[in-house]
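Residue-level structural notes
Given next are the chains, with one letter for each unit.
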Amino acid sequence: MQSTPSDTILVIGAGGQLGLELTHELRQRYGASHVVAADVRAPKDAATQESGPFELLDVLDKNRLEEVMRQYKPKQVYHLAALLSATAEKNPKFGWQLNMDGLFNVLDASVDLGVQQVYWPSSIAVFGPDTPRENTPQLTIMNPNTIYGISKLAGEQWCEWYFKKHGLDVRSLRYPGLIGYKSLPGGGTTDYAVDIYHKAVAGQSYECFLSEDTYLPMMYMPDALKATLDLMHAPAEQIKIRSSYNLGAMSFSPREITASIQRHQPDFRVTYQPDSRQQIADSWPASIDDSRARQDWGWQPDFDLDKMTQDMLVNLKQQVALSV
Ligand code: AKB
């Protein structure tokens, strides 16, 4: 389905790192009144609440979810609410409950209430220590060893099952670490790559929780938004993978992102104090083969590390200047 301005879109988890930016982007494209933002907490960012409809929604509350969906009759639902890798490891039962039961509630309500398209994000966390680390293929050994990864892998299979069994047009991407200046990540293993820019712009040093040569796949937010909306707008016959697509843009280590920032700020310093997130990072791919996304629906990223650094620093500095 191609959304037209008369359709309504529901974004669940609209207050999160991706949700905030996706809601803004969808409102720009389709008009604020057509994009309903929903989250378990009222957004800190007043713009999200004031620029269009907002509903308080715990996705685990199925009655409330159906109430919101009956009220707005969305044709598209973006279900982004989840506990990320590091937080889910600390709270495994709740991580599993939120990530799985939340998905079931959305998939069931979408089937029952005639939603045309559902978007659900997966992650590089579906891979594990037995997976080939370099240029990780779409189809390979998975064996994730985090609760987050296990829930994402199971979720992918459920999405495919709902597509086959119920004809629900569910689409999904395996995001790498996402980096943006408009919103902060919460509880992931790749969060360092956002935090480091904030410290640099504040004129402070940064203590990194991963070791300096830990390579992980990463992506700048404008590319993540483009990929998500391109996937959702592609004709259904082009979507050949109904579990979730590998998606890549760049791959770097803490040492390399530091060097990229130092090209603008030579005095910026980073120290390394790996914590429990190191073990998670070591079990994930270092780089991703996303050739299926490129072939099937024309995926092509715009940002590499230095282009992203340039943009992040300019925009974060502007934000700081405006806030004083
Ligand atoms: C995390 O670090 O948990 C997430 C992810 C890669 O899915 N950013």
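Each value, and the rule that gives it
- Residues numbered from 1 in each chain as written.
- Predicted model: local features only at pLDDT ≥ 70, side-chain atom pairs only at ≥ 80, totals over all residues.
- Heavy atoms only, no water.
- UniProt positions renumbered as here; feature names shortened; annotations may be inferred.
- Helix = DSSP H or I, 4+ residues; strand = E, 2+ residues; numbered from the N terminus.
- Rg over C-alpha atoms; globule rule 2.2 N^0.38 Å.
- Buried < 20%, exposed > 50% of the residue type's maximum accessible area, 1.4 Å probe, protein only.
- Contact = heavy atoms within 4.5 Å.
- Areas by Shrake-Rupley, 256 points an atom, 1.4 Å probe, with all protein chains shown as cover.
- Pairing = 2+ DSSP bridges.
- Axes fitted to C-alpha atoms, helices over the stretch in contact; angles between N-to-C directions.
- Expected span 1.5 Å × (residues − 1).
- Salt bridge = Lys/Arg side-chain N within 4 Å of Asp/Glu carboxyl O.
- Near = heavy atom within 4 Å.
- Polar contact = N/O pair within 3.5 Å; in protein donor to acceptor, adjacent residues only side chain to side chain.
- Nonpolar A, V, L, I, M, F, W, Y, C, P; charged D, E, K, R; others polar.
- Domains from an automatic or database assignment.

Going by the annotation in an unreviewed UniProt entry, the name recorded for the chain is NAD-dependent epimerase/dehydratase family protein, with Hymenobacter nitidus given as the source organism. Per UniProt, the chain has the following entry under Sequence similarities (unreviewed entry): "Belongs to the NAD(P)-dependent epimerase/dehydratase family."

1. With respect to the overall build of the chain
Counting its secondary structure elements, the chain contains 12 helices and 14 strands. Expected size for 324 residues packed as a compact globule is a radius of gyration near 20 Å; at 19 Å, the chain falls within 12% of this value. Viewed in the frame of its principal axes, the chain has a C-alpha envelope of about 55 × 50 × 40 Å. Looking at the 324 residues of the chain, the share that counts as buried comes to 54%. Across the chain, contacts joining residues at least 24 apart in sequence account for 78% of those joining residues at least 6 apart. For the chain, the exposed surface amounts to about 13,700 Å²; the carbon and sulfur share of it is 50%.

2. Things to note about the sheet that holds strand β9 (residues 177-179)
Strand order across the open sheet formed by three strands is β9-β11-β13, with mixed pairing between neighbours. With one partner strand each, in any of the chains shown, β9 and β13 (250-252) form the two edges of the open sheet. Each strand of the sheet is rotated relative to its neighbour by a mean of 45°, with strand direction disregarded. Against the sheet, helix α7 (residues 192-201) engages β9, β11 (216-220) and β13, with an angle of about 25° to β9. Contacting β9 and β11, helix α8 (residues 221-233) crosses the sheet at an angle of about 85° to β11.

3. Some remarks on the sheet that holds strand β6 (residues 122-123)
The three strands lie next to each other as β6-β8-β12, forming an open sheet whose pairing is parallel. Every interior strand has two partners, whereas the edge strands, β6 and β12 (245-246), have only one. As defined by bridge partners, strand β8 (residues 173-175) adjoins β12 across two bridges and the pair is classed as parallel. What sits directly across from Arg 174, in β12, is Asn 246.

4. Some words on unusual backbone geometry
Both trends apply: most residues other than glycine have a negative phi, and most peptide bonds are in trans. Its identity as a non-glycine residue notwithstanding, Asn 135 has a phi of 50°, on the positive side. Positionally, Asn 135 belongs in the loop between β6 and α6 (147-166). Phi is positive for Asn 143, which is not a glycine, with a value near 45°. On the secondary structure map, Asn 143 appears in the loop between β6 and α6.

5. Digging into helix α12 (residues 305-323)
Spanning 19 residues, α12 covers 27 Å between terminal C-alpha atoms, matching the ideal 27 Å at 1.5 Å per step. Regarding α12, the residues found buried are Leu 305, Met 308, Thr 309, Met 312, Leu 313, Asn 315 and Leu 316. On its buried face, α12 is in contact with β9, α7, β11, β13 and α9 (254-262).

6. Thoughts on the pattern of salt bridges
Applying the stated criterion across every chain yields a total of 17 salt bridges. A salt bridge links Asp 7 to Lys 75, with the nearest nitrogen and oxygen atoms 3.1 Å apart. One end of the pair, Asp 7, is in the segment before β1 (9-12); the other, Lys 75, is in the loop between α3 (62-72) and β4 (76-79), with 68 residues separating them in the sequence. Take Asp 7: its relative accessible area is 7%, and that puts it in the buried class. Relative accessible area serves as the criterion here: at 32%, Lys 75 is assigned to the partly exposed category. With its nearest N and O atoms 2.6 Å apart, the salt bridge here joins Arg 64 to Glu 67. Of the two residues, Arg 64 and Glu 67 are both situated in helix α3; the distance of three residues between them amounts to about one turn of the helix. Judged by relative accessible area, which is 46%, Glu 67 ranks as partly exposed. One salt-bridge network, in which partners are shared between bridges, spans Glu 55, Arg 64 and Glu 67.

7. Details of the site of the ligand
The ligand sits among Leu 84, Ser 85, Ser 123, Ile 124, Tyr 148, Gly 188, Thr 189, Thr 190 and Trp 284. Within the side chain of Tyr 148, one N or O atom sits 2.7 Å away from an oxygen atom of the ligand. The contact in question runs from an oxygen atom of the ligand to an N or O atom on the backbone of Thr 189, over 2.7 Å. Residue classes in the shell around the ligand are distributed as four nonpolar, five polar and no charged. Split by domain, the residues of the shell around the ligand number at least three in each of domain 1 (9-177 + 220-243) and domain 2 (178-218 + 249-287 + 303-323).

8. Notes on the pairing of β11
Burial within β11 is extensive, with five of its five residues counted as buried. In the sheet, β9 pairs with β11 via three bridges, with the strands oriented parallel. Bridged to Gly 177 within β11 is Met 218. Inspection of the sheet shows β11 paired to β13 by three bridges, in the antiparallel sense. Bridging from a neighbouring strand, Pro 217 pairs with Ser 251 of β13.

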